[in-house]
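# Reading the structure
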Amino acid sequence: MWSQRVYQQCTYCVMDTTDPEIVFDEKGQCHHCRSYQQKVHKLTYQGKASDHDFKLLTEQVKIDGKTASYDCVIGVSGGVDSSYTCYLAKRLGLRPLAVHMDNGWNSREAVKNIKTICNSLEIDYVSHVLNWEEFKDLQLAFLKASIVEMEIPTDVAIQYALHKVAAENGVKYILSGGNMAGEAILPRTWFYYPKDSKLLKSIHRKYGTKKISTYPTFDYLDEIYYKFIKGIRILYPLNYVPYSKPDAMKTLEEKLGWVKYGGVHHESMFTRIVLSYLQPTKFQVDYRKCTLSAQICNGIISRKEALAQLENLSYDPDKIQEEKAYVAKKFGLSLAEFEKILSLPPKSYRDYPNNEKLLDFLYSTYRRFWGDERSYHNAGYDSSS
Amino acid sequence: MFRPRVIPVLLLKGQSLVKTISFKNERYIGDPINAVKIFNDLEADELVFLDILATKERRTVSLQFVQDVGAEANMPFAVGGGIRTLEDVRKIISAGAEKVVINSFAVEFPEFIQQASRNFGSSTITVCMDVKNALFKGPRIWKFSGNRSSRYSPIDFARIMEDKGAGELILQSITNDGQMQGYDIPLIKEISEAVSIPVVALGGAGTLEHFKHAYTEGFASAVGAGSFFVYQGSKRGVLINYPQRSEIINCFQ
């Protein structure tokens, strides 16, 4: 699929030519960490200036939500970022409503942590449960489409659930756990807009077998509706505090009895296998490189430590067969059938009808006129749940 | 030390998990296999699955489903829904279930319980008794997912079932189902005192305290619940959960 390139890894962070668009300077430093140092760094915690901005923002959230039962909604997955966002919100005196999108892949740790967070912080909780039979068909269609963006159906449903619950409860703010400290580095080639409903429909039309009647849509029109008609804003509180995942985990464990996962986004059994196995083995897309690189830029870990972590396989070879067997069974497939789908040659979203040109235009225009850089977050990527 | 078993009772409608309030207002809860996986990882004592459409649609609970649960669950589980023949029982047991749950057919044809327990042993046969007040008659046993009343009072029916060789009774209050306001303690006490086989309290549990009441005041040998294990908080967001072992032990002390 990609043009062949000689392998090269950045001398400052750990990004490498598995991002086919990576550019290195004469010192061997890549454009990801250079742009982090030049631009993105300013969007993370900046001491007193961030404290001040955050205080104003928090006050605004409180004022705007005075008459409603809640002043913000937070998407919860049981993961560190969203759990810490809840903790932070309560500490600041906000009145959040927790929203969980259940796509049928919750792990024990996910449900335990959500329960712990909601009970110990006294946060009300609502859920949006996707119809599994439909969602299964959609997820399978994406696996058969053989593109790296296997999580688009999940990302869309999360956005829908958050906005719907916010609108229903008259809430103007969605607090996202998305943060520059851990997620600022993400190659364009590894992640396409989840809000492209044309792509979703064309993939389902080609590979789906069931009619979709309850699965929600969330595309740019919905985004415009919620943003401009309903006046709902997404805030990224973790960008206003000194945020490090390891420290946040420690705080949550000590103060709330939260449980640690094996890795990033392991609260969903599907996300776990996608991130740790499917994307790295099939597409040479290993998200650990992004997280580690961002952490290097942030001074959370050294490059040496990061390289040592990357020496390990992204998945546990002893458990992967068992995990695959579970995923196959949940999709109603035999292991052989599932393996066959996984071994289809990799494709790109560009192989399917999509709205890329329109979305590129819309998002770049939006950013030019309304772009608050701090709220700009990886071209629509949002890990609020 | 003895403690009552704590059992999630899950309702199936087709391939969906649902939860009712007083046997009505079914709400979609999610994929049953994911729920089994979570309950398994959280080490639930036991599970009960009831297919609430099977009798109405004149079929038995799906054997494929029973197998799928068996593959995922390390704990014993019971399955009910439309069971009317010894062959049904045999198939469900060989598909991996520990016990079968019989409701409507036990009311229509109590002799079946005798046949079934003779063939498969009492410990395999659980009878689910759905209780609700019938107009002018007081509490009666209902069949067809609470749609039709029968002439049996709970105590008469419980004694007959014990007599026929049922190994266990699930005593379910239709009125309290899904309310999360507590069990029907007087009913549980009446039945537990009338029979010597285990009685599983069901219908109304919303807190750990309720489990305790069923045990200390109602003398139930096990406690079952639906909503308690699938909802979180006062807004009833769906979240499969099961208390930690220590919480359960503390609860019954």
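Owing to the predicted nature of the structure, the values given are computational and were not obtained by experimental measurement. Within any chain, residue numbers begin from 1 and follow the written order of that chain's sequence. All chains are assigned letters beginning with A, and all ligands numbers beginning with 1, in the order in which they are written. Since the coordinates come from a predicted model, pLDDT governs what is reported: local features require at least 70, and pairs of side-chain atoms require 80 or more to be given and counted, while whole-chain, interface and lining totals use all residues. Hydrogens and water are ignored here; the side-chain numbers use all heavy atoms of the structure.

## Regarding the overall build of chain A
Stated precisely, the cut-off is as follows: Secondary structure elements follow DSSP: runs of H or I of four or more residues count as helices, runs of E of two or more count as strands, with numbering from the N terminus. All radius of gyration figures rest on C-alpha atoms, and the globule criterion is 2.2 Å times the number of residues raised to 0.38. For each residue, the accessible area found with a 1.4 Å probe, counting protein chains only, is set against the maximum for its type, and the residue is called buried under 20%, exposed over 50%, and partly exposed in between. Contacts were defined at the residue level, with two residues in contact if any of their heavy atoms lie within 4.5 Å. What sets the accessible areas is the Shrake-Rupley method with a 1.4 Å probe; for residues, cover comes only from the shown protein chains.
In terms of regular secondary structure, chain A is built from 16 helices and 5 strands. Scaling as 2.2 N^0.38, a compact globule of 385 residues should have a C-alpha radius of gyration of about 21 Å, and chain A matches this with 20 Å. Across its three principal axes, chain A shows a C-alpha extent of roughly 55 × 55 × 45 Å. Counting only residues that meet the buried cut, chain A has 58% of its 385 residues in that class. Here the analysis covers contacts within chain A between residues at least 6 apart in sequence; of these, 79% occur between residues at least 24 apart. Accessible area of chain A: about 16900 Å², with a carbon and sulfur share of 52%.

## Quick word on the overall build of chain B
When its secondary structure is counted, chain B shows 10 helices and 14 strands. For 253 residues, the compact-globule formula gives about 18 Å, and the C-alpha radius of gyration of chain B, at 17 Å, lands near that figure. Principal axes of the C-alpha set define a box for chain B whose edges measure 40 × 40 × 40 Å. By the burial criterion, 61% of the 253 residues in chain B qualify as buried. Sequence-distant contacts in chain B: of pairs separated by 6 or more residues, those separated by 24 or more amount to 63%. Accessible area for chain B stands at about 10300 Å²; split by element, carbon and sulfur atoms hold 47% of it.

## Describing a nonpolar patch on the surface
Note the following rule: Each patch is built from residues that are more than 30% exposed by relative accessible area and take part in no salt bridge. Like charges join if they lie within 9 Å; nonpolar side chains (Val, Leu, Ile, Met, Phe, Trp, Tyr) join within 5 Å. Put simply, a salt bridge is a Lys or Arg side-chain nitrogen that is within 4 Å of an Asp or Glu carboxyl oxygen.
Residues L221, I224, Y225, F228 and I229 of chain A make up a contiguous nonpolar surface patch of roughly 500 Å² in combined accessible area. Inspection of the secondary structure puts Y225 of chain A in helix α9 (residues 220-229).

## Examining the interface of chain B and chain A
For the record, the criterion: Two parts placed together each lose some accessible area; with a 1.4 Å probe, that loss summed over both constitutes the buried area. In protein, a polar contact means a hydrogen-donor-capable atom and an acceptor-capable atom, both N or O and within 3.5 Å, with residues adjacent in sequence counting only if both atoms are side-chain atoms; elsewhere, any N or O pair within 3.5 Å suffices. Basically, the charged four are Asp, Glu, Lys and Arg, the nonpolar ten are Ala, Val, Leu, Ile, Met, Phe, Trp, Tyr, Cys and Pro, and anything else, Gly included, counts as polar.
The interface is formed by 24 residues belonging to chain B together with 28 residues belonging to chain A. Between chain B and chain A lies a buried interface of about 2100 Å² when both sides are counted; carbon and sulfur atoms form 57% of it. Of all residues in chain B, Q232, K235 and L239 of chain B give up the largest surface area on contact with chain A, accounting jointly for 26% of the area buried on that side. Where chain B packs against chain A, one counts 2 salt bridges. Among the ionic pairs, D31 of chain B bridges to K330 of chain A, the shortest N-O distance being 2.3 Å. The tally of links from chain B across to chain A stands at 11 residue pairs in polar contact (both at pLDDT 80 or more). If you list the elements that add at least two residues to the side of chain B that touches chain A, you get β3 (24-30), α1 (32-41), α2 (63-72) and β14 (237-238) of chain B. Sorting elements by how many residues they give to the side of chain B that touches chain A places α1 of chain B first, with 5 residues. Of the residues contributing to the side of chain B that touches chain A, the split by class is 9 nonpolar, 8 polar and 7 charged.

## Let's talk about the packing of α1 of chain B against α2 of chain B
Residue and element names in this part refer to chain B. Note the threshold: Here, axes are lines fitted to C-alpha atoms. For helices the fit covers the stretch in contact, and angles between N-to-C directions go from 0 to 180 degrees. When describing relative orientation, an angle under 35 degrees is termed roughly parallel and one over 145 degrees roughly antiparallel, while 65 to 115 degrees is termed roughly perpendicular and anything else oblique. Each crossing is labelled by how the near helix is turned from the far one, with a counterclockwise turn of less than a right angle marking it left-handed and a clockwise turn marking it right-handed.
Between α1 and α2, whose axes approach to 9 Å, the crossing angle comes to 25 degrees. Classified by the angle between their axes, α1 and α2 sit roughly parallel to one another. The chirality of how α1 crosses α2 is right-handed. Between α1 and α2, the contacting residues are P32, I33, V36, K37 and N40 on the first element and F65, D68, V69 and E72 on the second.

## Overview of the side chain of E133 of chain A
Take E133 of chain A: it is sitting in helix α5 (residues 132-145). Side chain to side chain, E133 of chain A and K136 of chain A meet in a polar contact 3.3 Å long. Ignoring anything within four residues of it in the chain, the contact list for E133 of chain A reads K210 of chain A together with Q15 of chain B.

## Considering the pattern of salt bridges
Taken as a whole and assessed by the stated rule, the structure comprises 32 salt bridges over all chains. A salt bridge links E133 of chain A to K136 of chain A; its shortest N-O distance comes to 3.3 Å. Note that E133 of chain A and K136 of chain A are positioned in helix α5 at a spacing of 3 residues, about one turn of the helix. Taking the relative accessible area as the measure of exposure, E133 of chain A reaches 15% and is therefore buried. For the salt bridge of R59 of chain B with E57 of chain B, the shortest nitrogen-to-oxygen distance reads 2.8 Å. Here E57 of chain B falls in the partly exposed class, since its relative accessible area comes to 44%.

## A look at the packing of aromatic side chains
The condition that has to hold: A pair of aromatic rings is counted whenever rings of Phe, Tyr or Trp (Trp by its six-membered ring) have centres within 6.5 Å, and the orientation is called stacked for planes under 30 degrees apart, edge-to-face for over 60 and tilted otherwise. A ring has a charge above it when a Lys NZ or an Arg CZ is no more than 6 Å from the ring centre and no more than 35 degrees off the ring normal.
According to the stated counting rule, one finds 31 aromatic pairs over all chains in the structure shown. Lying over the aromatic face of W142 of chain B, K132 of chain B brings its terminal NZ or CZ to 4.2 Å of the ring centre.

## Comments concerning the nonpolar core
What counts here: In this description, a nonpolar core means a group of buried Ala, Val, Leu, Ile, Met, Phe, Trp, Tyr and Cys residues linked to one another through side-chain atoms lying within 4.5 Å.
With 197 residues, the main nonpolar core has F331 of chain A together with F39, I191 and F211 of chain B as its most contacted residues. Counting 14 residues, the second largest nonpolar core, distinct from the first, contains V9, V18, I170 and V200 of chain B.

## Examining the environment of N40 of chain B
All names here are of chain B. Mapped onto the elements, N40 comes out in helix α1. On a C-alpha basis, the gap between N40 and F65 in space is 16 Å, while along the polypeptide they are 25 residues apart. If sequence neighbours within four positions are ignored, N40 has contacts with E72, A73, N74 and M75. Engagement of the side chain of N40 in a polar contact is seen with the backbone oxygen of E72, the distance being 3.3 Å.

## A look at the confidence of the model for chain B
Operational definition: In predicted models, pLDDT denotes the confidence assigned by the predictor to each residue on a 0 to 100 scale.
For chain B, per-residue confidence averages 96 on the pLDDT scale, and residues scoring 70 or more make up 100% of the total. In the predicted complex, the global pTM is 0.93; the interface-specific ipTM is 0.94.

## So, the pairing of strand β3 (residues 124-129) of chain A
Residues and elements named next belong to chain A. Stated precisely, the cut-off is as follows: When DSSP finds at least two bridges between two strands, those strands are taken to pair. A clockwise course of the path from the first strand over the helix to the second, judged with the strands pointing away from the viewer, identifies a crossover as right-handed.
With 5 of its 6 residues buried, β3 lies for the most part within the structure. The pairing of strand β2 (residues 96-102) with β3 spans 6 bridges and is parallel. Residue pairing for β3: A98 is matched across the bridge by Y125. With respect to chirality, the unit in which β2 leads through helix α4 (residues 108-121) into the neighbouring parallel β3 is right-handed.

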